[in-house]
Amino acid sequence: MQEKFIFYYSAMKGGKTTRILQKIHDLEENGQSVLLIKPLVDTKGNDEIINRQNQTRKVDILLKPGERLLSEKHIKDIWYCNHILVDEAQFLEKEQIDELWEINKNINIPITCFGLKSNFQGALFEGSSHLIAKADEIIELDSNSLCPCGAPAKFNARLVNGIYTMSGEEIEIDGENHNISYTPLCGKCYFDKVYSKRMRKKTN
């Protein structure tokens, strides 16, 4: 049976890392070995994944930009694991997503990726875009990510000094820059608070 390549996504604060920790527990409880990967660009937790309850797990591969998974450095760990899990998969590069897909299809290792679908500007991340193109299953998590209005959140809004913005570098990890924070918003609130303000600036 061909194992699946799966992408789970939600807005921020959707409980993705908690799902990963639970999945690791379930797999290891059944004697499965897990290889946990996250991109180096995600500096939160350094070489660990961490959820909002401060539960942690050390990462097996902290993947640098431009670093290859199908390399002498990593291939032994990949070959002998039973399952690969990836946190913050939206930050991976196209070539890294392609390698995960190749590992899944060629070596037949199940791979489950978790991440955001879109950035603070409402556009797909590079990693998410290629996961959507390559994954066997694309699943929106039934999460607890809620907009302040109470509706399910779909967008990830950036605030600089408490003001919503659509400007700036795509990747800014909250906590690194104390002026930057993020909040999940529903489509209506994102349109009203973020997108429509940019449109008004363009027409003025």
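Residues numbered from 1 in each chain as written. Predicted model: local features only at pLDDT ≥ 70, side-chain atom pairs only at ≥ 80, totals over all residues. Heavy atoms only, no water.

A. Summary view of unusual backbone geometry. In the Ramachandran plot, Glu88 falls in the positive-phi region, its phi being about 55° despite a non-glycine side chain. Relative to the helices and strands, Glu88 is located in the loop between strand S6 (83–86) and helix H3 (94–107). Positioned with a positive phi, Asn161 is a non-glycine residue whose angle comes to about 55°. Examined against the element boundaries, Asn161 turns out to sit in the loop between strand S9 (155–160) and strand S10 (163–165). (Helix = DSSP H or I, 4+ residues; strand = E, 2+ residues; numbered from the N terminus.)

B. The sheet that holds strand S8 (residues 137–140), seen in detail. Spatial strand order, S5-S2-S6-S7-S1-S8: six strands in an open sheet with parallel pairing. Strand pairing shows two members of the sheet lacking a second neighbour, strand S5 (61–63) and S8, which therefore form its edges. Recorded for the sheet is a direction-independent mean angle of 20° between the axes of neighbouring strands. The pairing of strand S1 (residues 5–9) with strand S7 (residues 111–115) spans five bridges and is parallel. By the bridge assignment for S7, Ile6 is matched with Thr112. Against the sheet, helix H1 (residues 16–29) engages strand S2 (34–39), S6 and S7, with an angle of about 165° to S6. Sheet strands touched by helix H4 (residues 126–134): S1, S7 and S8. Its angle to S1, the strand with the most contacts, is close to 135°. (Pairing = 2+ DSSP bridges. Axes fitted to C-alpha atoms, helices over the stretch in contact; angles between N-to-C directions. Contact = heavy atoms within 4.5 Å.)

C. The nonpolar core, seen in detail. Counting residues in each nonpolar core, the largest one holds 23 residues, and the members touching the most others are Ile84, Leu100 and Cys113. The set of elements that each furnish at least two residues to this core consists of S1, S2, S5, S6, H3 and S7. Element by element, the count of residues in this core is highest for H3, at four residues. Core analysis: the next-biggest nonpolar cluster, separate from the first, contains eleven residues, Ile20, Leu21, Leu36 and Leu141 among them. (Core = buried A, V, L, I, M, F, W, Y, C linked by side-chain atoms within 4.5 Å. Buried < 20%, exposed > 50% of the residue type's maximum accessible area, 1.4 Å probe, protein only.)

D. Structural view of the packing of H3 against H4. Direction vectors running N to C along H3 and H4 enclose 30°, while the axes themselves pass 9 Å from each other. Regarding the angle of H3 to H4, the classification is roughly parallel. Between H3 and H4 lies a crossing whose hand is right-handed. Mapping the contact onto sequence places Lys94, Ile97, Asp98 and Trp101 in H3 and Glu126, Gly127, His130, Leu131 and Lys134 in H4. (Parallel < 35°, antiparallel > 145°, perpendicular 65-115°, else oblique. Left-handed = near helix turned anticlockwise from the far one by under 90°.)

E. How the structure looks around the packing of aromatic side chains. What the rule picks out here adds up to five aromatic pairs. When the ring of Phe7 is compared with that of Tyr9, the centres are 5.9 Å apart and the planes differ by 35°; the resulting orientation is tilted. In terms of burial, Phe7 and Tyr9 fall into one category: buried. The ring of Trp101 has Lys134 lying over it, and the distance from NZ or CZ to the ring centre is 4.8 Å. Across the ring face of Phe120, the terminal group of Arg158 is positioned such that the distance to the ring centre comes to 3.6 Å. (Phe/Tyr/Trp six-rings, centres within 6.5 Å; stacked < 30°, edge-to-face > 60°. Lys NZ or Arg CZ within 6 Å of the ring centre and 35° of its normal.)

Any functional reading would require information that these geometric values do not contain.
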